[in-house]
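Structure at a glance
Here is what each chain is made of, one letter per residue.
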Amino acid sequence: MRLYRVFVLGAFVVGACCGLLGPPSVHAQTWGTVTGTVTDSTEGEPLPGVTVLVEGTDFGTATGPEGRYRLEVPTGRYALRFSAVGFSSRVDSAYVTEEGTQVDVVLASSVLEMEELVVAGAQADRPGVYEVDPADVQNMPTPFKDGFRALKTTPGVATGSELTQQYSVRGGGYNENLVFINGFEIFFPFRPRQGEQEGLGLLNPALASDITFYTGGFPPEYGGKLSSALDVQYAQPGQGSKPEDDSLNGSVDLSTLDASVHAQSSSLGGDLGWSVGARRAQPGRFFGTQDLKGDYSPRFTDVQGTFEYRLSDRVSVEALGIWADNVFELEPEERTTYFGVISLDPERPSDFKALQSSLSGARTDGYTTTFGGARLSTEVTDRLTLEHDVAYFSTEEAESFDIESDRRVCQVDPTQGANPANCFLRGESTVTRFADNAVDVQRRTGRGRYEWDLGQHVLKGGWHARGLRFDDQIEEKTIIQGNSQEGLDPVRIRVDSLTDQSVFNERQLGAHLQNAVDVLPALGIGGAGAEGRLTVTGGLRADYFSFNDEWTLSPRLSGRLKATERLTLTGAWGIYHQKPTYRELRGDPEGTESIAETLNRDIESQRSVQYVLGGEYFFPEQRLSLRAEGYYKDLDNLISYTIEDVRVNYSGENDTYGYTYGLDLQLRGELVPGLESWFNYSYLVARERFTEEALSSYSQRLREARQGLIPRPADQRHTFSAFVQDYVPGDESWKVHMRLLYGSGLPHTPDDPGPEVTEGVQTRVPGDRMSGRLPAYRRVDVGATKRIEVAESGIGGPVHLELTLELLNMFDMDNTVDYSWTRGFERVPKRLTPRTLNARLHLTF
């Protein structure tokens, strides 16, 4: 019944959206059929297996044994692309009517031409690469239009929280991902505790033109991390455009949670191009739907801009600037969380409890990010390009809270509902949490990159030098006080306490060289159509870190074989090193240790040896492509860590080694013309083992909790995600979107039922490491959009208005991101957001 009511509610929301935004068009959409025969130009014989696609889409079919094809599309004018191995592709125009249209095509045999190697489509050249369309980010029903959060519908990405912008790829940690915007590296917040505090991700999808996501096997030009690389290109208006193309265009987006505006244009005949965007989010209403109630006052703001000026035909300068200020303020009031087991067996009573908290105090978290980068690009010749850039990245993060919580754990009768009398008191406690932390992070980077086109070879090389400064101040403690369950002796439990300050200054250096080869033409074999059939990219990367005086070498090799017109095979092998960041170096100081004492100058870079094999097959008749990739990672010199919500706590030691293997599957295509949908499934196993040296340094209790192979913190065994788009029947101005996310439970470390007691103070002790599992994460978000043409000709073209109504967490699933614990060492789930309604307006001009 509950599921039925939710479906009815979803239908009501969409129906209300239709009523509010206006009735659908009375003119039903009409369809027509285009048919024809494809023949060989030399013999006039019919050609079977020719791919027929609507130009610019994956919507199409293939010719049968007699060379005939049939394609049903909405009426209108289309460009059809006909292609087959060994024949030159051809594009013909077709005007499709209800009565049907016939287009017969003759394909000419292709001849061998020693073409140059074009390394432009990253997805076609290497495994583990996915293209993310910024338009899909805009259409995807999510709390914020954030490019990072949209990555969770990509194969291999773990699913666990809708609040965080951070992500885990193929069993890696949050800190194992590279992010580049226009070739400049940017970084995530350094020390957030909860996803609510992170603010807006620095990737503004309104400014983006291309988003390329490497989930593994990425080439030597990307270095310093183990798991993934995200390469984002912001739109560059101009670039030699005609004067009549210098018009202003942009967008305005407004919702109940956030707002944004962006504009872009060019001038001077296309020699000067610029784009700028601003965003503001105040999602207090959204955060307030969680169990913890209070006065939420988050304010997230960022402004970004980029420009490019062409000094001459061969010399240009480019700049990118980002300023972001994210503030999270909360005055908590009360929290009620139900947990336990409800039994339907009369012989097995329920064990259902409630944590009831009354809170006082306040917290303020925030970080301010400033980034500036400039690049000089020089085309020395048509084949040789040089790029040199400088960049500055600064983050000032602050965390301040002083909160006292009076908590009661009650035994609850699930049949009596929520009322004050339904509470059999099991225990009381007072929790005091205090922190006054700050960290100032500065990174200064110089970089050079070079590309030399040698025909069937494309050489790429480069270097970088970076200075790092961290100014870390930390003062925090957590104390729990209460009475024993018998109500007799008072109990005081110290969870953690630390006060210290440290300044860290170091430098990093790196260089890389890689060569992409079109193998068959380079060897003079393969005959007609050999160009681009077999591409191999190999290279070497070297990196240096002054903190531990360590050099690392990372050779890598990848290849792509276009076996047939429909089947592409890919593979990669490589060694990846990740230099320890400051948080990994610092570890988690305990007791009387200072931050400086925990910095380990003997620490080594983590290493991953990766093997990736994959293939992609296109089904033209179904207009779908199926992609599969298997991978194995041999991991050593790992720095172990645990995750609390989104905060990562590192050991500061190379204390584990292990492995990760898995399989990623994606079925993708246009279920209806012009709208792409996809379905992903990922299987993952990630294990690690503590070294004998590390085990010998622990107490007997902790040593027993860390024996044998242990799941890594991101060991999410099964992941399923989907994004589906469709038109409302009878009116293409209406679209519906649905995002589905499922992730099996992530591992966590439960508490030992018996705390350690030192001088009368009980200290929390973890149980067997990663022996527990969080509940599975399940979420469905839906949205309906009405597109209206406001004006045929505006400032820079047509003006369109999109009105969207979104139902977030449609089925009101209870998802747990972490556990807190009571004085009696009972785990209390921290749940994420319930069902929420969001309305959005999107104007493009």
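Residues numbered from 1 in each chain as written. Predicted model: local features only at pLDDT ≥ 70, side-chain atom pairs only at ≥ 80, totals over all residues. Heavy atoms only, no water.

1. Side note on the state of the cysteines
On inspection of all chains with the given rule, the structure shows one disulfide. Put simply, Cys410 and Cys423 are joined by a disulfide, and their sulfur atoms are 1.9 Å apart. For the disulfide bridge between Cys410 and Cys423, the dihedral angle about the S-S bond is near -65°, and by the sign convention the bridge is left-handed. Here Cys410 is found in strand β20 (residues 384-411), whereas its partner Cys423 is found in the loop between β20 and β21 (424-453), with 13 residues between them in sequence. (Disulfide = S-S within 2.5 Å. Helix = DSSP H or I, 4+ residues; strand = E, 2+ residues; numbered from the N terminus.)

2. What to know about the packing of aromatic side chains
Note on aromatic pairs: each is described by the distance of the centres and the angle between the planes. Considering all chains together, one arrives at 27 aromatic pairs under this definition. Taken together through their ring pairs, the aromatic side chains of Phe144, Phe286, Phe287, Tyr296, Phe300 and Phe328 make up a single cluster. The ring of Phe184 is capped by Arg375, whose NZ or CZ atom sits 4.2 Å from the centre of that ring. Positioned above the aromatic ring of Phe187 is the side chain of Arg443, whose terminal nitrogen or guanidinium carbon lies 3.8 Å from the ring centre. (Phe/Tyr/Trp six-rings, centres within 6.5 Å; stacked < 30°, edge-to-face > 60°. Lys NZ or Arg CZ within 6 Å of the ring centre and 35° of its normal.)

3. Considering the sheet that holds strand β13 (residues 228-234)
Adjacent strands of a sheet pair through backbone hydrogen bonds, lying either parallel or antiparallel. Taken together, the five strands give an open sheet; going across it, the order is β9-β12-β13-β10-β11, and neighbouring strands pair in mixed fashion. The strands lining the two open edges of the sheet, one partner per strand, are β9 (129-132) and β11 (184-185). Bridge count for strand β10 (residues 177-181) against β13 is five bridges, and the pairing is parallel. The residue bridging Val179 from the neighbouring strand is Leu230, located in β13. (Pairing = 2+ DSSP bridges.)

4. A closer look at a negative patch on the surface
A surface patch of negative charge is lined by Asp295, Glu331, Glu333 and Glu334. Examining the composition of the negative patch, we find that three residues originate from one element, strand β18 (residues 315-341), more than from any other. For Glu331, a relative accessible area of 46% puts it in the partly exposed group. (Patch = residues over 30% accessible without salt bridge, like charges linked within 9 Å, V, L, I, M, F, W, Y side chains within 5 Å. Areas by Shrake-Rupley, 256 points an atom, 1.4 Å probe, with all protein chains shown as cover. Salt bridge = Lys/Arg side-chain N within 4 Å of Asp/Glu carboxyl O. Lys, Arg positive; Asp, Glu negative; His and termini not counted. Charge placed at Lys NZ, Arg CZ, Asp CG, Glu CD. Buried < 20%, exposed > 50% of the residue type's maximum accessible area, 1.4 Å probe, protein only.)

5. Focus on unusual backbone geometry
Of note, the phi angle at Asn182 is positive, near 50°, even though the residue is not glycine. Within the fold, Asn182 resides in the loop between β10 and β11.

6. Details of the environment of Thr552
Tracing the backbone through its elements, the reader meets Thr552 in strand β25 (residues 550-562). What makes Thr552 buried here is its relative accessible area of 6%. Sequence separation of Thr552 and Arg607 is 55 residues, and the distance between their C-alpha atoms is 9.5 Å. Contact partners of Thr552, with chain neighbours within four places excluded, come to Arg541, Ala542, Asp543, His577 and Ser605. (Contact = heavy atoms within 4.5 Å.)

7. What to know about the pattern of salt bridges
Should their charged atoms come close, side chains of opposite charge can pair. By the definition in use, this model includes 42 salt bridges. Between Arg90 and Asp92 there is a salt bridge whose closest N-O contact spans 2.9 Å. Linking Arg279 and Asp302 is a salt bridge whose minimum nitrogen-to-oxygen distance equals 2.6 Å. Residue Arg279 is found in strand β16 (residues 272-281), and its partner Asp302 is found in strand β17 (residues 292-310); the two are separated by 23 residues along the sequence. Taken as a pair, Arg279 and Asp302 share a single burial class, namely buried. Look at the salt bridges and you will find they share partners, linking Arg193, Arg363, Asp365, Glu399 and Glu476 into a network.

8. Section: the side chain of Asp92
Along the chain, the position of Asp92 falls in strand β6 (residues 87-96). For Asp92, the residues in contact, after removing those within four places along its chain, are Tyr78, Ala79, Leu80, Phe82, Val103, Asp104 and Val105.

9. Here's the deal with the nonpolar core
Side chains of a nonpolar character, in soluble globular proteins, are inclined to be buried together. The biggest cluster of nonpolar side chains holds 32 residues, and the ones touching the most others in it are Phe148, Tyr167, Leu230 and Val232. Aside from chain neighbours lying at most four places away, what touches Leu230 is Phe148, Leu151, Tyr167, Leu178, Val179, Phe180, Leu203, Ile211, Thr212 and Phe213. By size, the runner-up hydrophobic cluster in this structure holds 20 residues, among which are Val34, Val54, Phe59 and Val105. (Core = buried A, V, L, I, M, F, W, Y, C linked by side-chain atoms within 4.5 Å.)

10. Some points on the sheet that holds strand β3 (residues 60-62)
With respect to topology, four strands assemble into an open sheet ordered β3-β2-β5-β6, the strand pairing being antiparallel. Only two strands of the sheet have a single partner each, and these edge strands are β3 and β6. Strand after strand, the sheet turns through a mean of 20° between neighbouring axes, direction not considered. Pairing of strand β2 (residues 51-54) with strand β5 (residues 76-84), which is carried by four bridges, proceeds in the antiparallel orientation. When the sheet's bridge partners are listed, Val54 is paired in β5 with Leu80. (Axes fitted to C-alpha atoms, helices over the stretch in contact; angles between N-to-C directions.)

11. A closer look at the pairing of strand β33 (residues 731-743)
The pairing of strand β32 (residues 718-728) with β33 spans 10 bridges and is antiparallel. Bridging across to β33, Phe720 finds its partner in Tyr742. Following β32, the chain reverses through two residues before pairing antiparallel with β33; Gly730 in that reversal takes a positive phi of roughly 95°. Here β33 runs beside strand β38 (residues 777-791); their pairing, made up of 10 bridges, is antiparallel. From the neighbouring strand, Val736 faces β38, where its bridge partner is Ala784.

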